[in-house]
Amino acid sequence: MPEAKKKKKQPSIPMPKQKPEDRIHNFNEVALGYTVEQAVAEAERCLQCPKPQCVKGCPVDIDIPAFIKEIKEGNFLAASAKLKEKNSLPAICGRVCPQENQCQKFCVLGKIGDPISIGRLERFAADYERTKGVTVPQKHDSYVKGRVAIVGSGPAGLTAAADLAKLGYDVVLFEALHAAGGVLMYGIPEFRMPKKIVQAEVDYVKKLGVDIKTDHMIGQVYTIDELFERGFDAVFIGTGAGLPQFMRIPGENLGGIYSANEFLIRVNLMKAYRFPEYDTPIRIGKKVAVIGGGNVAMDSARSALRLGAEKVYIVYRRSKEELPARAEEVENAEEEGVNFRFLTNPVRFLGDEKGWVKAIECIKMKLGEQDASGRRRPVPIDGSEFVMDVDTVVIAIGQTPNPLIQRTTEGLETTKWGTIVTKEETGETTKKGVYAGGDVVSGAATVISAMGAGKRAARSIHEYLMKKKGGKKSKPSSGG
Amino acid sequence: MHEILKKLELAPKIKLFEVSAPEIAMKAKAGQFVILRVDEKGERIPLTLVDCDQKKGTITLIFLEVGVSTTKLGALEVGDKILNVLGPLGNPSEIENYGTVAMVCGGVGTAAAYPIAKALKNAGNKVISIVGARTEELLVLENEMKDVSDELYVSTDDGSKGHKGYVSDVLKMLIEKGYKFDLAYAIGPSLMMRATANVTKSYSLKTIVSLNPIMVDGMGMCGACRVTVGGETKFACVDGPEFDAALVDFNELIQRQCVYLSQEKEAMCACEKSGENKHA
């Protein structure tokens, strides 16, 4: 049998995971990562296509076959360097990118068997480099061409900041919270995205020369216009989608009803799972219902289990097929014992005499005609109301952009959904010198699409400043 | 890191800190607040800005020790540093010349009311202040309030100083005596703000309250501070903290302040019920 054919038949190497019965009692990472042997074996399956299809699916244009080849040959640090040519945050992407819809979807091996596990290999290379000590590329400090303010230190902001720093710009990254990383810190739980890994990636961006200022809420302490007054030549807004959506049904302000943001901020950013060692508490009941079907809902449900809830339900108004969460996360949640209540929608929340939620009145749904998103619209079934007893509810039905910057910046056009209007290819907004990207433009999406937007914006900020400054060298101005 | 430059004990468990925070001092206006975190394991604590000194680059904070976090904060000394201070947050008070304004303040709420009274006075208003507390030794900023008020009245629940009873009773008394107010501010524990709102409603006196629900991020992300105002859900952190008292659902607010609770916060609510401010 020719080698190529043999490879096609080989299944991909599974990544070791903590057993469900163990992991529901801890917040440690569920997926354990490949060993050296596993990584090399998986890399050997790669056909090294002369015209690689996988690259088409990568929003940041990583030379995928090249980094896999380095792993296959045992050059793990070279593999990581290859990744970092395009992606400053590979340890993060290797963990949370939906590779099944991106690079791996195009892998030719996937037509017959399992595609190459590109994400797992990316994670392996990044983790290997971190344990060996990260190498920082040399800075172009000989030609600083201007000062750029980046607002928001999530995936979009970190990427834009890193790319601009590598190009030699003087970059200040403003973060409103007390820790940099955005959704990677406050939103995605420790068991899926360990915070020390996020901080290692943030440190890498710092080492590139980016000045990170936490506790700076732009729109409050400085407006966008004031940033220009303080000597910045361009601004990138990557403030994400941090405004929680509520259902707007009766009883929603009862005690015990959290937005997913509040629930996850308490658990992840404030480390309430280590209360009372950490001062921030979280109150979790015995029966928890999480409303929604995305990754945030899965994260909330799995966190609730780890905090000691006896029963955790996911209440979703469509069916399993329409779940927007990654299949892998749904599978993890199922393995851990999360109960799914599909085709079910809350109508109102019922409280006890103390104002604490004690039940949800739900209605059964059926799938009707296709809606604008191409999914079948859920419609309530008359008379199918029933009551679910719960004592904690997490509302995870989506986030929209925080409106603060939009509200305080003249000349910045927004949509009716509160997102900032930009030219897609460049990230240019309607305000001169101001660029935006990530969830604040697209609405809640993925880490990697935000990084792609951060990259594109960095490129166009570079072009804008080269043009504006005539490509000349100039000294950084003071202030800021 | 933000150094503590001055520390005073105003009353048992009520402390004043002057903290280095030049960027916040340059920008803050009356009615806004900050969120601070004492150390790496600390909670995010919202505190009203009492004063700012742009030249010195300092902000003044006053707080009541009600739980672990505020007690930890209160244990810091001059020269110690606070890890995180974020601000200014929230919307500034709308300061203009309304005419005659009643400032009704309860407990540590007086500290939050002081910069607003000062700004209103500077804008040309006649400011008539009523400051109250459970008992005389818990009265704070009485002299400072006197300095920015045309008239000042004091009440204590136990009658140890001034009128015996509640600040809302004093306001009612003044209105019945013939005082004409164009606007009232009520700042203090939720029960006190509710009582004041009930008084002013019957005289159709427009009243602004500054709410202090539980907050986590303070920037519109978590929704812990949601309150129902005029039938709509608002976030006190970014839509407030000031709202029209007549539209606020105080019962829900009070329930939400009390219901979350680990024992520590139950203790905080107990404090509030007994007439103290729980602004942290």
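Structure first, text after, so check above.
Now for a quick tour of the structure.

Criteria and cut-off values
Residues numbered from 1 in each chain as written. Chains lettered and ligands numbered in written order. Predicted model: local features only at pLDDT ≥ 70, side-chain atom pairs only at ≥ 80, totals over all residues. Heavy atoms only, no water. Helix = DSSP H or I, 4+ residues; strand = E, 2+ residues; numbered from the N terminus. Rg over C-alpha atoms; globule rule 2.2 N^0.38 Å. Buried < 20%, exposed > 50% of the residue type's maximum accessible area, 1.4 Å probe, protein only. Contact = heavy atoms within 4.5 Å. Areas by Shrake-Rupley, 256 points an atom, 1.4 Å probe, with all protein chains shown as cover. Lys, Arg positive; Asp, Glu negative; His and termini not counted. Charge placed at Lys NZ, Arg CZ, Asp CG, Glu CD. Core = buried A, V, L, I, M, F, W, Y, C linked by side-chain atoms within 4.5 Å. Buried area = accessible area lost by both parts, 1.4 Å probe. Salt bridge = Lys/Arg side-chain N within 4 Å of Asp/Glu carboxyl O. Polar contact = N/O pair within 3.5 Å; in protein donor to acceptor, adjacent residues only side chain to side chain. Nonpolar A, V, L, I, M, F, W, Y, C, P; charged D, E, K, R; others polar.

Regarding the overall build of chain A
Point 1. Within chain A, the secondary structure is distributed over 18 helices and 16 strands.
Point 2. Since a compact globule built from 480 residues should have a radius of gyration of about 23 Å, the 23 Å found for chain A is in line with a globular shape.
Point 3. Oriented by its inertia axes, the alpha-carbon framework of chain A measures out at about 70 × 65 × 50 Å.
Point 4. When the 480 residues of chain A are sorted by exposure, 57% land in the buried category.
Point 5. Pairs at least 24 residues apart make up 70% of the contacts formed inside chain A by residues separated by at least 6 positions.
Point 6. Carbon together with sulfur atoms contributes 50% to the accessible area of chain A, which is approximately 19,900 Å² in total.
Point 7. Both charge centroids of chain A, one from 71 positive and one from 60 negative side chains, sit 3 Å from each other.

Observations concerning the environment of Arg326(A)
Residue and element names in this part refer to chain A.
Point 1. By the secondary structure assignment, Arg326 is in the loop between β8 (311–315) and α15 (327–336).
Point 2. Between the C-alpha atom of Arg326 and that of Gly437, which follows or precedes it by 111 residues, the distance is 23 Å.
Point 3. Aside from chain neighbours lying at most four places away, what touches Arg326 is Arg95, Val96, Cys97, Pro98, Gln99, Glu100 and Asn295.

Things to note about the nonpolar core
Point 1. Phe67(A) and Ile71(A) are the most contacted members of the largest nonpolar core, which has 138 residues in total.
Point 2. No other element matches the nine residues that helix α18 (residues 447–468) of chain A contributes to this core.
Point 3. Excluding residues within four positions of it along the chain, Phe67(A) makes contact with Ile62(A), Ala79(A), Lys82(A), Leu83(A), Ile118(A), Leu121(A) and Glu122(A).
Point 4. Ala11(B), Leu120(B), Val140(B) and Leu141(B) belong to the second-largest nonpolar core, a separate cluster that totals 34 residues.

Things to note about the interface of chain B and chain A
Point 1. With 43 residues of chain B in contact, the opposing surface of chain A contributes 40 residues.
Point 2. Buried area between chain B and chain A, both sides added, is near 3,500 Å², and the carbon and sulfur share of it is 50%.
Point 3. There are four salt bridges connecting chain B and chain A.
Point 4. With its nearest N and O atoms 3.8 Å apart, the salt bridge here joins Asp239(B) to Arg407(A).
Point 5. Viewed at the interface, chain A and chain B are joined by 20 residue pairs in polar contact (both at pLDDT 80 or more).
Point 6. For the side of chain B that touches chain A, the elements supplying multiple residues, two or more each, are α1 (22–27), α2 (68–74), β7 (84–89), β14 (226–229), β15 (232–235), α7 (236–239), α8 (250–259) and α9 (263–273) of chain B.
Point 7. Partitioning the side of chain B that touches chain A into residue classes produces 16 nonpolar, 12 polar and 15 charged.

Digging into the pattern of salt bridges
Point 1. Tallying each qualifying case throughout the model produces 46 salt bridges over all chains.
Point 2. When the shortest N-O distance is used, the salt bridge between Lys206(A) and Asp203(A) registers 3.9 Å. Of this pair, Lys206(A) and Asp203(A) are both found in helix α11 (residues 195–207), three residues apart, which corresponds to roughly one turn of the helix.
Point 3. The partner of Lys15(B) in a salt bridge is Glu65(B), and the shortest N-O contact between them spans 2.6 Å.

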